[in-house]
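A closer look at the structure
Chain by chain, the residues:
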Amino acid sequence: MVDYLIVGAGFSGCVLAERIATVLGKKCLIVEKRSHIGGNAYDYYNEHGILVHKYGPHIFHTNSPKVVEYLSQFTEWNQYEHKVLANVDGKNIPVPFNLNSLAQAFPAEKAEHLEKLLLEHFGYGTKIPILQLRQSTSGELADLAEFIYQKIFLHYTKKQWNLEPDELDDAVTARVPVFISHDNRYFQDDFQGMPSFGYTELFNKMIGNNPLIDVKLNTDYNDIQGSIQFKKLIFTGPIDEYFDYKFGALPYRSLRFEHETYNTDYYQETGTINYPNTYDYTRRTELKYLTSQIHEKTTCTIEFPQPFIIGENEPYYPIPQTHNNTLYSKYVREAEMIADSVIFCGRLADYKYYNMDQVVARALHIFEKRINLE
Ligand SMILES: Cc1cc2nc3c(=O)[nH]c(=O)nc-3n(C[C@H](O)[C@H](O)[C@H](O)COP(=O)(O)OP(=O)(O)OC[C@H]3O[C@@H](n4cnc5c(N)ncnc54)[C@H](O)[C@@H]3O)c2cc1C
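Residues numbered from 1 in each chain as written. Predicted model: local features only at pLDDT ≥ 70, side-chain atom pairs only at ≥ 80, totals over all residues. Heavy atoms only, no water.

Points about the sheet that holds strand S15 (residues 272-274)
To summarise the sheet geometry, strands pair through backbone hydrogen bonds and adopt either a parallel or an antiparallel arrangement. Here is the rule: Note on pairing: two strands pair once DSSP finds at least 2 bridges between them. Only runs of H or I of at least four residues qualify as helices and only runs of E of at least two qualify as strands under DSSP, and these elements are numbered from the N terminus.
What the seven strands build is an open sheet, ordered S8-S7-S15-S16-S17-S14-S18; its pairing is mixed. On the outer flanks of this sheet lie strand S8 (91-95) and strand S18 (317-318), each paired with one strand and no other. With three bridges joining them, strand S7 (residues 84-88) and S15 adopt parallel strand pairing. Paired with Leu 85 across the two strands is Ile 273, which belongs to S15.

Spelled out as structure tokens, the structure:
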């Protein structure tokens, strides 16, 4: 008999287990169908001894001091600020598109003129959604927006989602900013860094030594239902799977990762290079930039977007379309009916793309508002 049965050993499941065990002194059992803890943030040393993120590059960044304070109990941090270049017409230019990108993409005189126009219209340091720039009354700025849309956004988006931009929620396009700045960092959050010894080590510190937390790996909840007694269930897997897909499956986009190791100390000039217009992959990330590891070889992860097929690959990105959110809200209503016995939490249970800091904040919130009341 355990107090809490927790399905899934990603950030959601592990944070909740840690809080319940540490603060409430209650017993948790985590069941995880994969062979490791950490969920999609899991990292490991490959056969060359290089730290690799199995499910794609994970960069930690947040504006939440509370999340930093919480996670810092389990890790130290390496300073790291992510920079991304996009390969456009044979040149690698910074993204989000900024004033440095402008200088690289256009002849000097034209770039200076456009920079002046951007500064006059919007001011230094602003982020202008590409849709807003496309609607600019200045023909030259509208042309610039069209250039950015075509060269950086359009084909990348089609590759990523296998959909035209107008088939996706407007918010997706609206979010693509043009940054009126010389700041080449991909994120501007107050706190940016990487766990000094990796994510898996962070998870080990979070739940590994707690006698009130047990973990069963290689265990699918669907196979053990009824065989374990518990007082409450926390489910961080797919909400549609929990309800046997009774309203239909929630669609996701998947990815295939190739991890390639090269006999050179560095392969590319920055952490990530996007390939919007060439190849069938979207981006290539060199892990050593992220992890600060010193090694004579280097490993890159290349991401190939794929359709998601239940049972065959992993659900990574909820597809941002209104009818999918409508379908999800049917499952939310079901979940509300059993809210006394089951808590749904996490990216698969909430059918939302969360960054790691958001998912940690969400788990802490659920602990405070729904669990730490007993
Ligand atoms: C390619 C990619 C890159 C990303 N990069 C970043 C980044 O740079 N920065 C950032 O902040 N965030 C990033 N994220 C987001 C980050 O991965 C998530 O925020 C985080 O993993 C969510 O944690 P979670 O616990 O909700 O879900 P998960 O990590 O997916 O954990 C859920 C766990 O539940 C298990 N599970 C599911 N069903 C069952 C079942 N029936 N029985 C047993 N176990 C089950 C799964 O195997 C999984 O381990 C990225 C995500 C992806 C896909």
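Having seen the structure, we can now continue with the description.
A few points about the environment of Gly 123
Test applied: Contacts are assigned to residue pairs that have any heavy atoms within 4.5 Å of one another.
Checked against the element boundaries, Gly 123 lands in the loop between helix H4 (108-122) and strand S9 (127-129). Distance in space between the C-alpha atoms of Gly 123 and Ile 180 is 7.2 Å, their sequence separation being 57 residues. The residues touching Gly 123, leaving out its near neighbours within four places in the chain, are Leu 118 and Ile 180.

Thoughts on the site of the ligand
For clarity, the cut-off: Here a residue is near a molecule or strand as soon as one of its heavy atoms is found within 4 Å of it. Here a polar contact means two N or O atoms within 3.5 Å. Within protein one must be a hydrogen donor candidate and the other an acceptor candidate, and residues neighboring in sequence count only if both atoms are side-chain atoms. Here the accessible surface of atoms and residues is derived via Shrake-Rupley with a 1.4 Å probe, and residues count as covered only by protein chains that are part of the display. By the convention adopted, Pro, Cys, Tyr, Trp, Phe, Met, Ile, Leu, Val and Ala count as nonpolar, Lys, Arg, Asp and Glu as charged, and the other residues, Gly among them, as polar.
Of all residues adjacent to the ligand, which total 34 residues, the nearest are Glu 32, His 58, Arg 347, Tyr 354 and Met 356. One nitrogen or oxygen atom from the side chain of Glu 32 is found 2.7 Å from an oxygen atom belonging to the ligand. One of the side-chain nitrogen or oxygen atoms of Tyr 353 is found 3.0 Å away from a nitrogen atom of the ligand. Burial of the ligand by the surrounding chains reaches 97%, relative to a free accessible area of 1,000 Å². Elements with a contribution of two residues or more to the shell around the ligand: helix H1 (11-24), helix H9 (221-224), strand S14 (252-262) and helix H13 (356-371). Looking at the shell around the ligand residue by residue, the classes come out as 16 nonpolar, twelve polar and six charged.

Observations concerning the nonpolar core
Let me state the cut-off plainly: Buried Ala, Val, Leu, Ile, Met, Phe, Trp, Tyr and Cys residues form a nonpolar core when they are joined through side-chain atoms within 4.5 Å. Per-residue accessibility, obtained with a 1.4 Å probe over protein chains only, is compared with the maximum for each type, and a residue is labelled buried under 20%, exposed over 50%, and partly exposed between these values.
Formed by 43 residues in total, the largest nonpolar core has its most connected members in Phe 11, Leu 71, Met 206, Val 360 and Ile 371. Looking at which element gives the most residues to this core, the answer is H13, with eight residues. Setting aside its immediate chain neighbours within four residues, Met 206 contacts Cys 14, Val 15, Glu 18, Tyr 70, Leu 71 and Phe 74. In this structure, Val 7, Phe 257, Leu 327 and Phe 344 belong to the second largest nonpolar core, which totals 35 residues.

Remarks on helix H8 (residues 199-208)
The condition is simple: The arc in question is the one spanned by the directions pointing from the helix axis to the C-beta atoms.
Residues Tyr 199, Thr 200, Leu 202, Phe 203, Met 206 and Ile 207 constitute the buried set of H8. Viewed end-on, H8 has its buried residues packed into an arc of 155 degrees, placing them on one side of the element.

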